[in-house]
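Structural characterization, general
If you want the building blocks of each chain, they are given just below.
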Amino acid sequence: MKAFIIDRYGKKVSLRASEVPEPALGQNDVLVEIHAASINPLDSKIRDGEFKMILPYRLPLIMGNDLAGVVVKVGSRVQKFKPGDEVYARPDDDRIGAFAEFIAIKEDSVAIKPKTLTMEEAASIPLVGLTSWQALVEKGNLKKEQKVLIHAGSGGVGTFAIQLAKHLGASVATTTSTANIELVKSLGADIVIDYKKDDFEKTLRGYDVVLNSLGSDTLEKSLRVLKPGGRLISISGPPDLDYAKSAGLSGFLKLVMRLLSFGIRKKAKRQQASYSFLFMRASGEQLRNITALIDSGFIRPVIDKVFPFESTQEALAYVDAGRAKGKVVVKVK
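Here the residue numbers are simple positions, counted from 1 along each chain's written sequence. Since the coordinates come from a predicted model, pLDDT governs what is reported: local features require at least 70, and pairs of side-chain atoms require 80 or more to be given and counted, while whole-chain, interface and lining totals use all residues. By convention in this description, side-chain values take in all heavy atoms of the structure and omit both hydrogens and water.

As annotated in an unreviewed UniProt entry, the protein carries the name NADP-dependent oxidoreductase and comes from Pseudomonas petroselini.

A separate point is the packing of helix 3 (residues 126-139) against helix 4 (residues 156-167). In this analysis an axis means a line fitted to C-alpha atoms, helices contributing only their contacting stretch, and an angle means the value between N-to-C directions, from 0 to 180 degrees. Strands here are runs of E lasting at least two residues and helices are runs of H or I lasting at least four, both read from the DSSP assignment and numbered beginning at the N terminus. Closest axis-to-axis distance for the helix 3/helix 4 pair is 9 Å, and the angle between their directions is 50°. Comparing their axes, helix 4 and helix 3 come out oblique. Relative to helix 4, helix 3 is oriented so that their crossing is right-handed. Seen from helix 3, the contacting residues are Val128, Gly129, Thr131, Ser132, Trp133, Leu136 and Val137; seen from helix 4, they are Gly156, Val157, Phe160, Ala161, Leu164 and Ala165. Residue classes follow a fixed rule: Ala, Val, Leu, Ile, Met, Phe, Trp, Tyr, Cys and Pro count as nonpolar, while Asp, Glu, Lys and Arg count as charged, and any other residue, Gly among them, counts as polar. Residues of the contact of helix 3 with helix 4, tallied by class, amount to nine nonpolar, four polar and no charged. Angles below 35 degrees are treated as roughly parallel, those above 145 as roughly antiparallel, those between 65 and 115 as roughly perpendicular, and all remaining angles as oblique. For any pair of crossing helices, the crossing counts as left-handed if the nearer helix is rotated counterclockwise from the farther one by less than a right angle, and right-handed if it is rotated clockwise. Two residues qualify as a contact provided that any one of their heavy atoms is within 4.5 Å of a heavy atom in the partner residue.

Here we come to the environment of Glu86. Tracing the backbone shows Glu86 in strand 6 (residues 86-89). Here Glu86 falls in the partly exposed class, since its relative accessible area comes to 39%. Between the C-alpha atoms of Glu86 and Pro114, which are 28 residues apart in sequence, the distance is 8.9 Å. Glu86 has contacts with Gly69, Val70, Ala111, Ile112, Lys113 and Met119, leaving out every residue within four places of it along the chain. The buried label goes to any residue with under 20% of its type's maximum accessible area, the exposed label to any with over 50%, and the partly exposed label to all in between, with areas taken from a 1.4 Å probe on protein chains only.

Looking now at the sheet that holds strand 2 (residues 16-19). Spatial ordering of the open sheet is given by 2-1-4, a layout of three strands whose pairing is antiparallel. At either margin of the open sheet sits one strand with a lone partner, and together these are strand 2 and strand 4 (61-62). By this definition, two strands are paired if DSSP reports at least two bridges between them.

Glancing now at the UniProt feature "domain: Enoyl reductase (ER)" (unreviewed entry) in the protein. In the numbering used here, UniProt assigns the "domain: Enoyl reductase (ER)" (unreviewed entry) feature to residues 12-330. The span residues 12-330 is 32% helix and 25% strand, and its two end C-alpha atoms sit 21 Å from each other. UniProt positions are given in the numbering used here, feature names are shortened, and annotations may be inferred rather than shown by experiment.

The subject of this paragraph is helix 10 (residues 284-295). In a helix, the anticipated span is given by 1.5 Å times the number of residues less one. Look at helix 10: 16 Å from first C-alpha to last across twelve residues, which is about the 16 Å you get at 1.5 Å a residue. Those residues of helix 10 that sit buried are Gly284, Gln286, Leu287, Ile290, Thr291, Leu293 and Ile294. End-on, the buried residues of helix 10 take up no more than an arc of 165°, which puts them together on one face. Looking at the buried residues of helix 10, the elements they touch are strand 6, strand 8 (110-112), helix 3 and helix 4. Gly297, located one to two residues past helix 10, shows a positive phi value of around 85°. Arc definition: directions from the helix axis to the C-beta atoms.

Moving on to the packing of helix 1 (residues 41-48) against helix 11 (residues 312-320). When two helices pack together, their arrangement is given by the angle between their axes and by how far apart the axes lie. Where helix 1 meets helix 11, the axes come as close as 9 Å, and the angle between the chain directions of the two elements is 100°. The pairing of helix 1 with helix 11 is recorded here as roughly perpendicular in orientation. Along the contact surface, helix 1 presents Pro41, Asp43, Ser44 and Arg47, while helix 11 presents Leu316, Val319 and Asp320. A per-class count over the contact of helix 1 with helix 11 returns three nonpolar, one polar and three charged.

With four of five residues buried, strand 1 (residues 2-6) lies mostly within the body of the structure. Sheet topology places strand 1 next to strand 2; four bridges connect them, and they run antiparallel. When the sheet's bridge partners are listed, Phe4 is paired in strand 2 with Ala17. Pairing between strand 1 and strand 4: two bridges, direction antiparallel. The residue bridging Ile5 from the neighbouring strand is Ile62, located in strand 4.

Here we come to the nonpolar core. Formed by 104 residues in total, the largest nonpolar core has its most connected members in Leu136, Val148 and Ile290. If we skip the residues at most four places from it in the chain, Val148 touches Leu136, Leu142, Ala165, Ala170, Ser171, Val172, Ala173, Tyr207 and Val209. Core analysis: the second largest hydrophobic core is formed by eight residues, Met1, Ile5, Phe102 and Ala104 among them. We define the nonpolar core as a collection of buried residues of types Ala, Val, Leu, Ile, Met, Phe, Trp, Tyr and Cys that are connected through side-chain atoms lying within 4.5 Å of one another.

A few words now on unusual backbone geometry. The amide bond that connects Leu59 to the next residue, Pro60, takes the cis arrangement and shows omega of 0°. Going from Gly237 to Pro238, the amide bond is cis rather than trans, its omega being 0°. Among the secondary structure elements, Pro238 is positioned in the loop between strand 13 (226-234) and helix 8 (241-246). Phi at Asn141 takes a positive value of approximately 50°, unusual for a residue other than glycine.

A few words now on the sheet that holds strand 12 (residues 207-212). An order of 11-10-9-12-13-14 is seen for the six strands of this open sheet, with the pairing classed as parallel. Strand pairing shows two members of the sheet lacking a second neighbour, strand 11 (191-194) and strand 14 (274-277), which therefore form its edges. Going from strand to strand, the sheet's axes swing by 15° on average, the running direction of each strand aside. In this sheet, strand 13 lies alongside strand 12 in parallel orientation, the contact comprising five bridges. Pairing of Val209 across the sheet is with Arg231, part of strand 13.

Looking now at the environment of Gln286. Structurally, Gln286 can be placed in helix 10. The spatial distance from the C-alpha of Gln286 to the C-alpha of Gly129 is 8.9 Å, given a sequence separation of 157 residues. Setting aside its immediate chain neighbours within four residues, Gln286 contacts Leu130, Trp133, Gln134, Glu138 and Arg281.

Structure (structure tokens):
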């Protein structure tokens, strides 16, 4: 089958089209013929080698972290799916490979795709949807009438998280550039901070949750908008000890994570707030909850551009440039 791979890590490494064997099917796996896959900043971070300490992939590596397609074969113990089912998924961390014609995925990581979405639209959802759900529902415990600040509102996670937060009944503030103000308002943002003109930490106060996807400077400033007991949740780091424990990392890496997050955790404590790092995990069950919200009209996908499969490297470069509104998708079939 055709796939896009990397042979080594590095910021200047390009994805390479290659013929690779069709993936082996385990007893608890479904084999999916991929119709569409989406690009995420996570793809660039994996390519750059940022996660090689905690995600020891074997090279060459098929890239890609979420997809939509059709089940063509199931393992002997699979009970929830059958050939012909239209599905979408974010594969487990150790089994990525959505930039390909086929992928084998654990049954528990897969869900029937939303009926109201095309394959391209469905492929844009899993990673950002699960990230938003795990940040706002699981870690943030966001409730009706609470206040949440979602950074980078026009990005992939931001466009989904704004809609989810509004569905949960929260008041939503977001940061974005001038060009994207109307987009984030259309998704439900109540307060929009143009980061090119205003400083969010001087404007916002008394927030229950902040979802950060930006750098360390923004991370520290975000503490200032939280009320006592507030939660700062970051998907861009630094990783913390709780993450290291949940990922089953070694004692040495647990120590490294503790040290990396020491500064921001200490500053959060001074503010009577908490800090946590989120590296989202695959979950078919949570995707089914997300499907219900989409098919009920509460959340819609936001897609900037669709590239043909042979232009997967160009699609990744487009996302790397940082101008995409919502998600960028690759049409595989």
